[in-house]
Amino acid sequence: MQPNSLQPNSLQPKRILLIVGGGIAAYKVLDLCRLIRRKGLLVRAVMTKTAGEFVTPLSLGSVTGDKVYGELFSLTDEAEMGHIELSRDADLVVVAPATANLLAKMAHGLADDLATTLLLATDKKVLAAPAMNLRMWAHPATRRNVERLTADGVTFIGPASGSMACGEFGVGRLAEPPAILAAIETMLSGDTLIPLPDGAWADAGDSGRRPLSGRHVIVTSGPTHEPIDPVRYIANRSSGKQGHAIAAAAAAAGARVTLVSGPVALPDPFGVTTVHVETAREMQDAVDRAMPCDIFIGAAAVADWRTGDVAGQKLKKGHGNPSELTLVENPDILAGVARRTVARPRLVVGFAAETTDVLAHAKAKLARKGCDLIVANDVSTSGETPGGVMGQATNTVHLIDRDGIESWPTMGKEAIAERLVARLAAMLAK
Ligand code: PMT
């Protein structure tokens, strides 16, 4: 096998000992290893037995350019490099994915395989990137283990929020490899505080240090349905993906979150209080009831109009013409919150869904609705986001405030949510 190539880099020749846990996210460490090596760092991997179910020693070996270790009592391995030597040789130990089981063993000092023995034997800094089902992450046992490990000096990156392999939605995804790399670089440079990278919080424990701890965030999401008769309604194509991702990201950042959701096919984000509504007026009532809050984020595609007269019975063909439906303007929830004179949230954030002149229309909305920040997106199918925004997994947004415009590249809606929440937390901290 080829040794790692070293690029000229101020961090060389530091070595990462990467402990790979057995979780579905293990495949992402291949990317992480590539990123680490691109920085000119050395990386050596140790796999737990179950990690082998998700990633092979061959693939790990090819991206680390080094031997992959797995067995505690391997005579050949011990002859080449003793297990204590493996940890001595490293500058930083990274555990990714740190499964619930691995965290539990670490917290209790168990050493029943090479990975856990190394973790117990090391005197180096340890960075853990947890990944597990959201209920396992929220379980009191895991909370206790994370608290214990934090007290022992282990640093955490993530987990991030979003949809999970099990089909649920919430906090538990492995932080993205670039975020883990940023944490590695920060720790190697000797800084003790990890900056907030896109995609995850460094202090994921309930230590009260998360950036939105103690804050209440209200998010609206999804479409509204405005009934025409008992079976028909006026609606739009919003899926709720963007708004739900924001709610989950705010919860991951430590906030108490109330999500007011129109009819969507998504599961409620874990750890968020979700209020289900159908119409714009119900959404407004739910928002009013959830107030006060520190941050209000209007990501819902609220119908601007409702039918003036909702028919009590299904409208029949030949009895009246649908073009004669009278439309009445709905209350503007965002403008109402922004113009509150009592208990106005510190930050009122609106979205602008446009199909033409995106920035000009969005700027006008910022002023007209009186919010502090507008997130503009082009929702036309021929716009900046391939395939359109509504219902899709990605989005391309422009943040507009009184000082100017900041355009972000096309990203997953979860990544946008996390970056937006990081931005809002920083604004609130000023
Ligand atoms: O749900 P997805 O499929 O993930 O798609 C995401 C999205 C496109 C719906 C989202 O990114 C988005 O742009 N949401 C706002 C949609 C919208 O209604 O935009 P608007 O430009 O019509 O409204 C401007 C703002 O006023 C929005 O914050 C909206 O929530 C708010 N509004 C609008 C009308 C109204 N009666 N009350 C409101 O609060």
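Report follows, based on the coordinates. From a predicted model like this one, the values you see are computed outputs, not experimental measurements.

Parameters at a glance
- Residues numbered from 1 in each chain as written.
- Predicted model: local features only at pLDDT ≥ 70, side-chain atom pairs only at ≥ 80, totals over all residues.
- Pairing = 2+ DSSP bridges.
- Helix = DSSP H or I, 4+ residues; strand = E, 2+ residues; numbered from the N terminus.
- Contact = placed C-beta atoms within 7 Å.
- Axes fitted to C-alpha atoms, helices over the stretch in contact; angles between N-to-C directions.
- Near = placed C-beta within 6 Å.
- Nonpolar A, V, L, I, M, F, W, Y, C, P; charged D, E, K, R; others polar.
- Buried ≥ 20, exposed ≤ 12 C-beta atoms within 10 Å, placed from the backbone.
- Core = buried A, V, L, I, M, F, W, Y, C linked by C-beta atoms within 7 Å.
- Domains from an automatic or database assignment.
- Parallel < 35°, antiparallel > 145°, perpendicular 65-115°, else oblique.
- Left-handed = near helix turned anticlockwise from the far one by under 90°.
- Expected span 1.5 Å × (residues − 1).

A look at the sheet that holds strand E3 (residues 92-98)
Through backbone hydrogen bonds, the strands of a sheet pair up, either in parallel or in antiparallel fashion.
Phase 1: Strand order in the open sheet formed by five strands is E2-E1-E3-E4-E5, and the pairing between neighbours is parallel. Looking at which strands have only one partner, the edges of the open sheet turn out to be strand E2 (42-47) and strand E5 (155-156).
Phase 2: The pairing of strand E4 (residues 125-130) with E5 spans two bridges and is classified as parallel. Residue alanine 128 lies in a different strand from E5, and its bridge partner there is phenylalanine 156.
Phase 3: In the packing of helix H6 (residues 114-121) onto the sheet, the strands contacted are strand E1 (15-20), E2, E3 and E4, and the crossing angle to E1 comes to about 135°.

Digging into the site of the ligand
Phase 1: As a structural note, the neighbourhood of the ligand is formed by 30 residues, with Ser239, Gly298, Ile333, Leu334 and Phe351 the closest of them.
Phase 2: Secondary-structure elements contributing two or more residues to the shell around the ligand are helix H10 (241-252), helix H12 (333-338) and strand E16 (347-354).
Phase 3: Per-element tally for the shell around the ligand: the top contributor is E16, with four residues.
Phase 4: Of the residues contributing to the shell around the ligand, the split by class is 13 nonpolar, twelve polar and five charged.

Here's the deal with the pairing of strand E17 (residues 373-378)
Phase 1: By the criterion of burial, E17 is predominantly enclosed, with six of the six residues buried.
Phase 2: Of the two faces of E17, both are covered, the one formed by Leu373, Val375 and Asn377 as well as the one formed by Ile374, Ala376 and Asp378.
Phase 3: With six bridges connecting them, E16 and E17 associate as parallel partners. Bridge pairing in E17 links phenylalanine 351 to valine 375.

Here's the deal with the sheet that holds E16
Phase 1: Overall, mixed pairing links the eight strands, which are arranged E12-E11-E8-E13-E16-E17-E19-E20 in an open sheet. Only two strands of the sheet have a single neighbouring strand rather than two, namely strand E12 (273-276) and strand E20 (404-407). Across the sheet, the mean angle separating the axes of adjacent strands is 15° when strand polarity is ignored.
Phase 2: For strand E19 (residues 397-401) and E20, the ladder comprises four bridges, and the chain directions are antiparallel. Paired with aspartate 401 across the two strands is glycine 404, which belongs to E20.
Phase 3: The sheet strands contacting H10 are strand E8 (216-221), strand E11 (256-261) and strand E13 (295-298), and the helix crosses E8 at an angle near 165°.
Phase 4: Its contacts with the sheet place helix H11 (residues 280-290) against E8, E11 and E12, and it is angled at close to 165° to E11.

Concerning the nonpolar core
Phase 1: Of all hydrophobic cores here, the largest spans 130 residues; its most connected members are Val20 and Ala250.
Phase 2: Looking at which domains feed residues into this core, each of domain 1 (15-188) and domain 2 (216-306 + 325-429) supplies at least three.
Phase 3: Not counting chain neighbours up to four residues away, the residues in contact with alanine 250 comprise Leu212, Val217, Val219, Ala255, Val257 and Val421.

A short note on the packing of helix H5 (residues 100-108) against helix H8 (residues 140-151)
Phase 1: Contact pair H5 / H8: the axes reach a minimum separation of 9 Å and the direction vectors enclose 50°. By the angle between their axes, H5 is oblique relative to H8. With respect to the hand of their crossing, H5 and H8 are arranged in left-handed fashion. Facing Ala100, Leu103, Ala104, Met106 and Ala107 of H5, the residues of H8 in contact are Ala141, Thr142, Asn145, Val146, Arg148 and Leu149.
Phase 2: Grouping the amino acids of the contact of H5 with H8 by side-chain chemistry returns eight nonpolar, two polar and one charged.

Details of H8
Phase 1: Spanning twelve residues, H8 covers 16 Å between terminal C-alpha atoms, matching the ideal 16 Å at 1.5 Å per step.
Phase 2: Where H8 is buried, its residues contact H5, E4 and E5.
Phase 3: Glycine 153, located one to two residues past H8, shows a positive phi value of around 105°.

Here we look at the environment of alanine 364
Phase 1: Tracing the backbone through its elements, the reader meets alanine 364 in helix H13 (residues 358-369).
Phase 2: Separated by ten residues in sequence, alanine 364 and isoleucine 374 place their C-alpha atoms 9.9 Å apart.

Some words on the packing of helix H1 (residues 28-38) against helix H9 (residues 177-188)
Phase 1: Contact geometry of H1 with H9 gives a least axis separation of 9 Å together with a crossing angle of 45°. On the basis of their axis angle, the class for H1 and H9 is oblique. At the point where H1 passes H9, the crossing takes the right-handed sense. Judged by residue contacts, Lys28, Asp31, Leu32, Leu35 and Ile36 of H1 engage Pro177, Pro178, Ile180, Leu181 and Ile184 from H9.
Phase 2: Considered class by class, the residues forming the contact of H1 with H9 number eight nonpolar, no polar and two charged.

Points about H6
Phase 1: What H6 keeps buried is the set Leu114, Ala115, Thr116, Leu118 and Leu119.
Phase 2: Contact partners of the buried residues in H6: E1, E2, helix H4 (83-88), E3, H5 and E4.

Observations concerning unusual backbone geometry
Phase 1: The linkage connecting alanine 96 with the following residue, proline 97, adopts the cis geometry, with an omega of -10°.
Phase 2: Assignment of secondary structure puts proline 97 in strand E3.
Phase 3: Here the bond from methionine 291 into proline 292 is cis, since omega is 0°, no more than 30 degrees from zero.
Phase 4: In this structure, proline 292 sits in the loop between H11 and E13.
Phase 5: Residues other than glycine seldom take positive phi values, yet aspartate 357 does so here, at roughly 40°.
Phase 6: Within the secondary structure, aspartate 357 is located in the loop between E16 and H13.
Phase 7: On the basis of neighbour counts, which here come to 11 C-beta atoms within 10 Å, the residue aspartate 357 falls in the exposed class.

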